[in-house]
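Architecture at a glance
Below are the chains, spelled out letter by letter.
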Amino acid sequence: GQLAGYVYVDADTRDLGGYVEQAKAALQSGVSLPTGYTLQWTGQYEFQLRARERLRIVIPLVLLAILVLLYFAFHSMSEAVIVMLSVVYAMTGGVVAQWYLGSNFSVAVWVGYIALYGVAVQTGVVMVVYLHEALDKRLRMGTPLTAQDIFDATVEGSVLRLRPKLMTVGTTIVSLGPIMWATGVGVDVMQPMAAPILGGMVTSTIHVLVITPVIFYLMKLRAWRKGTLRPSQIADFV
């Protein structure tokens, strides 16, 4: 039953949250409201707040779901965690690209991160599967396994994954690259979404091709020394 007056503001910025916070501070210091008057910020800012609250629930659920699926795939929590590390490395590159391009965190940016997580985990899974396949061939020969055999199997599996990974990164960069210098309707949403994917693919590639095989080798070498090294349960699936 109260009267309402609307003030429309067209903010020429991608950081609506920061703009509204500065505007609130300016109003509090320069405007004294009479008794019974209230101010409420709505529009895209209100929609952004609602989406941010949902993302606080959705993103942890996405990461938990990925971890659970990886555990069922490998039947090993340690190997699931190894693949999940690709998410951390991918996010590192995404944050650097986002900072370099001057993009603030928004719903579009978080959607880009979720897409990046999926690609990073997928390539990590394939790398671990290739490593297991190369190691299982030597385990099933029946001859005594040596530390050099584990090293050779790790190198073999990594080399087989090199070309597919580089093709994945190349096609992603070629397909999303033109968005970064495009102009027109929708660019303000597409560019913040593409930035973390492009940056994250670079660091994810370094992790999958270099760090994942090293961690895999160290884990299997430790299991071999303990006498617990066995063929993986995903070998039959492969």
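Here's a quick rundown of the structure.

**What about the overall build of the chain?**
- Counting its secondary structure elements, the chain contains six helices and zero strands.
- In sequence order, the chain lays out its α and β elements as α-α-α-α-α-α.
- The C-alpha atoms of the chain give 24 Å as radius of gyration, which overshoots the globular expectation for 238 residues (18 Å, by more than 25%).
- Projected onto the principal axes, the alpha-carbon positions of the chain cover approximately 85 × 35 × 30 Å.
- The buried share among the 238 residues of the chain stands at 37%.
- For the chain, the proportion of contacts with a sequence separation of at least 24, taken over those separated by at least 6, is 72%.
- A distance of 7 Å separates the average location of the 17 positive side-chain charges in the chain from that of its 14 negative side-chain charges.

**Regarding helix H1 (residues 16-30)**
- End to end, H1 covers 21 Å across 15 residues, agreeing with the expected 21 Å (1.5 Å per residue, within 8%).
- Residues of H1 that are buried include every one of Leu-16, Gly-17, Val-20 and Ala-23, and no others. The arc that holds every buried residue of H1, seen down its axis, measures 125°, which confines them to one face. Of the residues in H1, the exposed ones pointing more than 90 degrees away from the buried face are Gln-22, Ser-29 and Gly-30.
- Contacts from the buried residues of H1 go to helix H2 (44-74).

**A word on the nonpolar core**
- Within the largest apolar cluster, 23 residues are counted, with the highest numbers of intra-cluster contacts made by Leu-70, Phe-74, Val-83, Leu-116, Val-121 and Leu-176.
- Among the secondary structure elements, those contributing two or more residues to this core are H2, helix H3 (77-101), helix H4 (107-139), helix H5 (147-176) and helix H6 (187-226).
- Element by element, the count of residues in this core is highest for H4, at eight residues.
- With near-sequence residues (within four places) excluded, Leu-116 lies in contact with Ala-90, Met-91, Pro-196, Ile-197, Gly-200 and Met-201.
- Listed in part, the 14 residues of the second largest apolar core include Ala-153, Leu-209, Ala-223 and Leu-229.

**What to know about the pattern of salt bridges**
- According to the stated counting rule, one finds three salt bridges in the structure shown.
- The closest approach of N and O atoms between Arg-56 and Glu-53, which form a salt bridge, is 3.3 Å. Of this pair, Arg-56 and Glu-53 both sit in helix H2, three residues apart, roughly one helical turn.
- The closest approach of N and O atoms between Glu-156 and Arg-138, which form a salt bridge, is 2.9 Å. Separated by 18 residues along the polypeptide, Glu-156 in helix H5 and Arg-138 in helix H4 bring together distant segments of the chain.

Reading guide: rules and limits
- Residues numbered from 1 in each chain as written.
- Predicted model: local features only at pLDDT ≥ 70, side-chain atom pairs only at ≥ 80, totals over all residues.
- Heavy atoms only, no water.
- Helix = DSSP H or I, 4+ residues; strand = E, 2+ residues; numbered from the N terminus.
- Rg over C-alpha atoms; globule rule 2.2 N^0.38 Å.
- Buried < 20%, exposed > 50% of the residue type's maximum accessible area, 1.4 Å probe, protein only.
- Contact = heavy atoms within 4.5 Å.
- Lys, Arg positive; Asp, Glu negative; His and termini not counted.
- Charge placed at Lys NZ, Arg CZ, Asp CG, Glu CD.
- Expected span 1.5 Å × (residues − 1).
- Arc of directions from axis to C-beta.
- Core = buried A, V, L, I, M, F, W, Y, C linked by side-chain atoms within 4.5 Å.
- Salt bridge = Lys/Arg side-chain N within 4 Å of Asp/Glu carboxyl O.

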